[in-house]
Amino acid sequence: MENTNKSLKKYQGNVEITPANSETWEKKLRYTESISGSVYVRENAKASFPSLKSSGSVDVRENAKASFPKLESISGYVDVRENAKASFPKLESISGSVYV
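These remarks concern the structure in this document. Just so it is clear, the model here is predicted, and its values are computed rather than measured. (Residues numbered from 1 in each chain as written. Predicted model: local features only at pLDDT ≥ 70, side-chain atom pairs only at ≥ 80, totals over all residues. Heavy atoms only, no water.)

## So, the packing of aromatic side chains
Going by this rule: By convention, a stacked pair of Phe, Tyr or Trp rings (six-membered ring in the case of Trp) has centres within 6.5 Å and planes under 30 degrees apart, an edge-to-face pair has planes over 60 apart, and any other such pair is tilted. Strands here are runs of E lasting at least two residues and helices are runs of H or I lasting at least four, both read from the DSSP assignment and numbered beginning at the N terminus. Categorising residues by exposure relies on relative accessible area from a 1.4 Å probe, with only protein chains included: less than 20% of the type maximum marks a residue as buried, more than 50% marks it as exposed, and the intermediate range marks it as partly exposed.
Summed over the entire model, instances satisfying the criterion amount to four aromatic pairs. Taken together, a centroid distance of 5.5 Å and an interplanar angle of 90 degrees make the contact between Tyr-11 and Trp-25 edge-to-face. Here Tyr-11 is found in strand β1 (residues 10–11), whereas its partner Trp-25 is found in helix α1 (residues 22–28), with 14 residues between them in sequence. Summarising the burial analysis for this pair, Tyr-11 and Trp-25 share the class buried. For the pair Phe-68 and Phe-88, a centre-to-centre distance of 5.1 Å together with 10 degrees between the ring planes defines the contact as stacked. With Phe-68 in the loop between β8 (65–67) and β9 (73–74) and Phe-88 in the loop between β11 (85–87) and β12 (93–94), this residue pair connects regions lying 20 residues apart in the sequence. Neither residue differs from the other here; Phe-68 and Phe-88 are each classed as buried. Each member of the aromatic cluster is reached from another via a ring pair, and the members are Phe-49, Phe-68 and Phe-88.

This is the structure in structure tokens:
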């Protein structure tokens, strides 16, 4: 179901994106500014988080591509490996480890 409620700005829990569910998650999280858990993008999936400003850990692997144009802070780790690509143009702080 698409998140058309622009006031729903926080998502509680983890998000695991694969090619099979990427469209569903992108619609659901279109206006989300905060994710309390981890974001996983895997298995050649492509994902964009246009409104996200804060998140727990971010894990992009297995040839996946992810874009986080407004992400400013990550309260956990960042892991971008296994031929994956991720962009964080506004990232200011990471509380955990960084693996690339």
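## Some thoughts on the sheet that holds β11
For the record, the criterion: When DSSP finds at least two bridges between two strands, those strands are taken to pair. Think of each axis as a best-fit line through the C-alpha atoms, taken over the contacting stretch in the case of a helix, with angles from 0 to 180 degrees between the N-to-C directions.
Reading across the sheet, the three strands line up as β5-β8-β11 and stay open at both edges, with parallel pairing between neighbours. Here the strands that pair on one side only, and so sit at the sheet edges, are β5 (46–48) and β11. Put simply, the sheet's adjacent strands are angled 5 degrees from each other on average, direction ignored.

Just distances and angles here, no functional claims.
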